[in-house]
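What follows is each chain in one-letter form.
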Amino acid sequence: MPAIWKNTVPAQTLRKNVEDRFYTSFGEAPYGVYSSPGRVNLLGEHIDYCGGTVLPFALPQRTFVAMAPRQDGKITAVTAQGDAGSTAPDDNTETVQFAEVGTQPLSGWLSYVAGVPWAMQQQKQGDFAGFSPEGFGANIAIDSSVPLGAGLSSSAALECAVALGVDDLLTAQQPTRELLASTDQGGAALASACIQAENDIAGASTGGMDQSISLRAEEGSVLAIDCRDFSTRPLTIDVASANLSVLVIDTRAYHNLSDGQYAARRAATEVAREALGVNHLRDAFQGTPTLKEAQELIEQWDNNVDSYNLPDGTDRAVIRDALRHVWTEIARVEECIALFDNVNSPADDVWEKLGELLNASHDSLRDQYRVSCPELDTAVNAAREAGALGARMTGGGFGGSAIALVPTENLENLAEAVAEAFDREGFNPPEFLVATPSRSAEKEEDPHVHLHPEPATGSRSHPQTLRLPSNNYRSRCQPLIAHLPQRATARTPLPTTQNTRSRPRRPPRPLAQPHSRRPIHLEGRRVPAAH
C-alpha cells in the first residue's frame, strides 16, 4: 500500500501566506512576523515535569504569526488551520476582550493565543495597562506547517511565536523597556509565560520541554534539557552519518492534552513526589541515574509505601506504575547521553543500543504509564517488524505520532509496511515525514512591502483593486514607536510615503532557560486511575 508523505509548505511560502492573510483579514500591514518550530522528542517522555532530562529537537515545520497592535483592548485572531481534527473555514476568526481572559473559559486554538499576553501580564513582563486606553490589543494572523494533534508540539509553536510578537509590541510601546527576547533572562521569562498560558488558560498541565525547545533549539543538534533548572547542552546524534533517518509516523489519531488523561498521569507523579519529600522525582537518585538504581528505588517504594502519607482514595498500583516509568525513563535518557557524549569514538553498536532504548521507552509508556493507544502500538510494532532499529511513541500520547530509527534506504518500504498494517486494522491512513534538527523561534525579517488585494466588503475574495498599507495603520502605530529612534536597538518610525516600509534588523537575540515551574499541590485530591 503506498505511503502518504506529508507535503510541508516551504517556510518562505508560509510566511508570505500569513502576510497575505493578515492584509486580507485586517486591511493593513502587520507590524511584524514571527515563527516558531514544532518538535520531536527523541527520548525522555513524561519526565519533564518530574525534573528529568529530555532529548528533543526542533522540526523544520513552523508556525508563523503576523501581528499588529490595536487600541480597543481586543485580541482578534484569524487562522488558516483551526483545531486538531477540524477543517478551518475560510473565515476562521475569533475575538476576545483582553480584560476577560482568565475570568471566563476559553477553548480551542484561541486559548493558546490569548493566554500568552495574559500570562505575560500576570508575570509583570510589561506595562499592559499603558499599552492603550483600553489595554492590550492585537490583530493576529496564523498559518502553520506543524501538524495539528500529532504530538509534535503545535501548541507550543503557536505560543512561542505569539510571545515573540507580544514582546515586540510591548517594547515598541514602552521606550524604556528592554526587549525580553534580547537577553538570556528575558528569554526565560517568555518561555515561563508560555508554560503558564498552556497550564492555566488552555487547561493542559504540560511541563516545559516543548516551549524550551521551540525557543532554544540549535540547528543540527538534539538539545539535552535538564528540567530541574532548564539548563541545556547540545548533543550530537548524527543519524545521517550512519545512513539512518528518524521517521515520524503521524497516526492521525488526534490527541488532546486538555481532556484530563494527561493531568491524571501528572497528578499521580505529584502525589509520589510529595510522599517522598523531594522537589522532583529525579532527586530520588543519589548520582547519575542508572536502570539499576531505578529498580532499587522502586523496591524501596514497595517496602515503605505503608509509611507514606498518601491521599485517601489513592490507587497505589497507579502510583507505582507511574514511578516505574518515570524512574526508568530518566535512567534511559542518561544512558543515551553517555552513548553519544564521545562523538569522536562512539561504540560500534551505538545505533543498536539507541534502538533498544527507544523500544524500552515505548514499552514502558504503553504498559506502565498507559498513554499509548492502538494506532500508536500498531505503528511501533509494524515499524519494528519491517526493520526499524527501534521505535516508540513521541509526545503526550493518547494518539499523535510515533518515531522510528530507520535505515535511510529502507524508508519507503518501511512506511508502506506501516500503512498496510493500518489498513488491516481499519485505521485512518497514517502520514509520514523525515525529521531533521532545525532552528529555533525567531522574528522574521520585516514584512515585505508589496501590493496586496483590498478585501471585498463581506468577503475574503480578492478583487482587482490593489492598495498599500493604509495611513490609518501608520497613525495608529505611530504612538507606539515615536521615541524609539534614540535607542540603539530601536525601530525607525513606520514610513509616511506610499512606496517604502523599511526598518533595520536587530542582531540575533539569545534566548534562555524558562523559569522553574510552580509546583502543583494536590492536598485532598484523589488521583484518577489510569485508563
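My aim in this report is to walk through the structure given alongside it, one point at a time.

Definitions and limits used
- Residues numbered from 1 in each chain as written.
- Predicted model: local features only at pLDDT ≥ 70, side-chain atom pairs only at ≥ 80, totals over all residues.
- Heavy atoms only, no water.
- Pairing = 2+ DSSP bridges.
- Helix = DSSP H or I, 4+ residues; strand = E, 2+ residues; numbered from the N terminus.
- Contact = heavy atoms within 4.5 Å.
- Axes fitted to C-alpha atoms, helices over the stretch in contact; angles between N-to-C directions.
- Buried < 20%, exposed > 50% of the residue type's maximum accessible area, 1.4 Å probe, protein only.
- Expected span 1.5 Å × (residues − 1).
- Phe/Tyr/Trp six-rings, centres within 6.5 Å; stacked < 30°, edge-to-face > 60°.
- Core = buried A, V, L, I, M, F, W, Y, C linked by side-chain atoms within 4.5 Å.
- Salt bridge = Lys/Arg side-chain N within 4 Å of Asp/Glu carboxyl O.
- Parallel < 35°, antiparallel > 145°, perpendicular 65-115°, else oblique.
- Left-handed = near helix turned anticlockwise from the far one by under 90°.
- Nonpolar A, V, L, I, M, F, W, Y, C, P; charged D, E, K, R; others polar.
- Disulfide = S-S within 2.5 Å.

### Quick look at the sheet that holds strand β10 (residues 244–250)
Stage number 1. Spatial strand order, β1-β13-β10-β12-β11: 5 strands in an open sheet with mixed pairing. Edge strands, defined here as strands with exactly one partner in the open sheet, are β1 (4–5) and β11 (390–394).
Stage number 2. Relative to strand β12 (residues 401–407), β10 is paired through 7 bridges, and the arrangement is antiparallel. Its bridge partner being in β12, Leu 244 is matched across the sheet by Pro 407.
Stage number 3. Against the sheet, helix α10 (residues 374–385) contacts β10, β11 and β12, and its axis sits at roughly 165 degrees relative to β11.

### So, the environment of Ser 36
Stage number 1. Structurally, Ser 36 can be placed in strand β2 (residues 32–41).
Stage number 2. For the pair Ser 36 and Leu 158, spaced 122 residues apart in sequence, the C-alpha to C-alpha distance is 7.0 Å.
Stage number 3. Once residues within four sequence positions are removed from consideration, Ser 36 is found in contact with Arg 62, Thr 63, Ala 156, Ala 157, Cys 160, Ala 161, Ser 214 and Ala 441.

### Re the pairing of strand β4 (residues 56–69)
Stage number 1. Summarising burial for β4: 13 of the 14 residues are buried, a large majority.
Stage number 2. Bridge count between β2 and β4: 9 bridges; the pairing is antiparallel. Counterpart to Arg 39 in the pairing with β4 is Ala 58.
Stage number 3. Bridge analysis of β4 against strand β7 (residues 138–144) gives 7 bridges, and the strand direction is antiparallel. In the sheet register, Phe 64 faces β7, and the bridge partner there is Asp 143.

### Quick look at helix α3 (residues 154–173)
Stage number 1. Look at α3: 29 Å from first C-alpha to last across 20 residues, which is about the 28 Å you get at 1.5 Å a residue.
Stage number 2. Across the 20 residues that make up α3, a large majority, 20, are buried.

### What to know about the packing of aromatic side chains
Stage number 1. Tallied over the full model, the rule gives 10 aromatic pairs.
Stage number 2. Relative to Phe 432, the ring of Trp 5 has its centre 5.7 Å away and its plane inclined at 45 degrees; by these criteria the two rings are tilted. With Trp 5 in strand β1 and Phe 432 in strand β13 (residues 431–435), this residue pair connects regions lying 427 residues apart in the sequence.
Stage number 3. In this structure Phe 432 comes out as buried when scored by relative accessible area, which is 0%.
Stage number 4. With a centroid separation of 5.5 Å and an interplanar angle of 65 degrees, the aromatic rings of Phe 98 and Phe 136 are classed as edge-to-face. Here Phe 136 lies in the loop between α2 (109–122) and β7 and Phe 98 lies in the loop between β6 (93–97) and α2, a separation of 38 residues in the sequence. Taken as a pair, Phe 98 and Phe 136 share a single burial class, namely buried.
Stage number 5. Ring pairing ties together the aromatic residues Phe 98, Phe 128, Phe 131 and Phe 136, which thus form one cluster.

### A few points about the pairing of β11
Stage number 1. β11 sits mainly inside the fold: 5 of its 5 residues count as buried.
Stage number 2. Sheet topology note: the β11/β12 ladder contains 5 bridges and is antiparallel. Bridge pairing in β12 links Thr 394 to Ser 401.

### A word on the nonpolar core
Stage number 1. Core analysis: the largest hydrophobic core is formed by 89 residues, its most contacted members being Leu 55, Ile 237, Trp 327, Phe 340 and Val 418.
Stage number 2. The element best represented in this core is helix α8 (residues 316–340), accounting for 12 residues.
Stage number 3. Leave out the neighbours within four places in its chain, and Trp 327 touches Leu 276, Leu 281, Ala 284, Phe 285, Ala 294, Leu 297 and Ile 298.
Stage number 4. Formed by 56 residues, the second largest nonpolar core is a distinct cluster that contains Ala 66, Val 101, Leu 170 and Ala 202.

### With respect to the pattern of salt bridges
Stage number 1. This structure, assessed with the given rule, holds 27 salt bridges.
Stage number 2. When the shortest N-O distance is used, the salt bridge between Asp 341 and Arg 233 registers 3.1 Å. Of the two residues, Asp 341 sits in the loop between α8 and α9 (350–367) while Arg 233 sits in strand β9 (residues 231–235), which places them 108 residues apart along the sequence.
Stage number 3. For Asp 341, a relative accessible area of 45% translates into the label partly exposed.

### Remarks on the sheet that holds strand β8 (residues 222–226)
Stage number 1. In spatial order, the strands read β3-β8-β9; together these 3 strands make up an open sheet with antiparallel pairing. Edge positions in the sheet fall to β3 (53–54) and β9, since each of these pairs with one other strand and no more.
Stage number 2. Relative to β9, β8 runs antiparallel, the two sharing 5 bridges. By the bridge assignment for β9, Leu 223 is matched with Pro 234.

### Here's the deal with the packing of α10 against helix α11 (residues 411–425)
Stage number 1. Look at α10 against α11: their axes get within 9 Å of each other, and the N-to-C directions meet at 140 degrees. Relative to α11, α10 is oriented oblique. The element α10 and its partner α11 pack so that their crossing is right-handed. Contacts between α10 and α11 pair Glu 375, Thr 378, Ala 379, Ala 382 and Ala 383 from the former with Leu 414, Ala 417, Val 418, Ala 421, Phe 422 and Glu 425 from the latter.
Stage number 2. Residues belonging to the contact of α10 with α11 are distributed by class as follows: 8 nonpolar, 1 polar and 2 charged.

### Thoughts on unusual backbone geometry
Stage number 1. The phi dihedral of Arg 370 falls on the positive side, at around 55 degrees, and the residue is not glycine.
Stage number 2. Note that Arg 370 resides in the loop between α9 and α10.
Stage number 3. The phi dihedral of Phe 398 is positive, around 60 degrees, even though this residue is not glycine.
Stage number 4. As for its position among the elements, Phe 398 is in the loop between β11 and β12.

### A few points about the state of the cysteines
Stage number 1. For the structure on display, the rule yields 0 disulfides.
Stage number 2. Not engaged in a disulfide, the cysteine Cys 227 finds its nearest cysteine sulfur in Cys 50; these two sulfurs lie 9.6 Å apart.
Stage number 3. Given the relative accessible area of 1%, Cys 227 is considered buried.

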